[in-house]
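One letter stands for each residue in the lines below.
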Amino acid sequence: MKKPQQRDSRMGPAGAARTRSAQAAWLLFLALPLACLMGTSDARADFRVCNATQNLVGVGIGYRAKAGWITEGWWHIEGSTCKTLIEGPLSSRFYYLYAEDAERGGRWDGPINMCVAEKEFKIAGVTDCVARGFQRAGFQEYDTGEQASWMVQLTDEPATDGTAAVTGTNSQ
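Residues numbered from 1 in each chain as written. Predicted model: local features only at pLDDT ≥ 70, side-chain atom pairs only at ≥ 80, totals over all residues. Heavy atoms only, no water.

(A) Representation of the side chain of E72. Within the secondary structure, E72 sits in strand 3 (residues 68–77). K122 provides the closest opposite charge to the buried, salt-bridge-free E72, at an N-O distance of 4.3 Å. A distance of 2.4 Å separates the side chain of E72 from the side chain of Y63, its partner in a polar contact. The contacts of E72, once residues within four sequence positions are left out, are V59, G60, I61, Y63, F121 and K122. (Helix = DSSP H or I, 4+ residues; strand = E, 2+ residues; numbered from the N terminus. Buried < 20%, exposed > 50% of the residue type's maximum accessible area, 1.4 Å probe, protein only. Lys, Arg positive; Asp, Glu negative; His and termini not counted. Salt bridge = Lys/Arg side-chain N within 4 Å of Asp/Glu carboxyl O. Polar contact = N/O pair within 3.5 Å; in protein donor to acceptor, adjacent residues only side chain to side chain. Contact = heavy atoms within 4.5 Å.)

(B) Layout of the side chain of S92. Within the fold, S92 resides in the loop between strand 4 (81–87) and strand 5 (94–101). A distance of 2.8 Å separates a polar atom in the side chain of S92 from the backbone oxygen of R64. Filtering out sequence-adjacent residues up to four positions away, S92 remains in contact with R64 and T144.

(C) The arrangement of the pattern of salt bridges in detail. Enumeration according to the criterion identifies 4 salt bridges in this entry. A salt bridge links D143 to R93, with the nearest nitrogen and oxygen atoms 2.7 Å apart. Here R93 lies in the loop between strand 4 and strand 5 and D143 lies in strand 9 (residues 135–143), a separation of 50 residues in the sequence. Classification of D143 as partly exposed rests on a relative accessible area of 34%. On the accessibility criterion, R93 (36% relative accessible area) is partly exposed. For D101, the salt bridge identified is with R104, shortest N-O distance 3.2 Å. Members of the salt-bridge network, linked through shared partners, are D101, R104 and D156.

(D) Here's a closer look at the state of the cysteines. Here the structure, examined in full by the defined rule, presents 2 disulfides. The side chain of C115 participates in a disulfide bridge whose partner is C129; the two sulfur atoms lie 2.0 Å from each other. Sign of the S-S torsion, about -85° for the bond between C115 and C129, identifies this disulfide as left-handed. Here the residue C115 occupies a position in strand 7 (residues 112–116), and C129 occupies one in the loop between strand 8 (121–124) and strand 9, the gap between them amounting to 14 residues. Of the two residues, C115 and C129, neither departs from the other in class, the shared state being buried. Cysteine pairing for the protein (bonded cysteines numbered in sequence order): 1-2, 3-4. (Disulfide = S-S within 2.5 Å.)

Here is the structure:
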């Protein structure tokens, strides 16, 4: 049989409650930094494209590498999902994007001509696309401001100039 604990006769019920409250606060103070460390994760640095439409979209990206201009594609992005096109911190300030709606035939494009292909591709150079057996497509430029991470969202909503809206944001 357990012996009942005796309370200090000098401490009434209010004093005991204050002591328990102070102990709980001290434990919380000690545990909070540990909880914060456990809950944090490195921010992902990458270039992501989110498809805010309900349709499958094919996406190509262009960028300047050390060896020159590169275009890559096709990433197939289901409706209401996102995909990472470039993993890790971005190495260029400017990236170029072209996308096609695989179901309705619309596209998100821009004034910068680069090369694409029918099937999966990684093409060096942006000149003489047709002569080299590729197609030419107009890409939209995104100035990431030398951020380590960036996200573009493709939407059905018209932009102010009447074209389909494409928004780019720093995703950090």
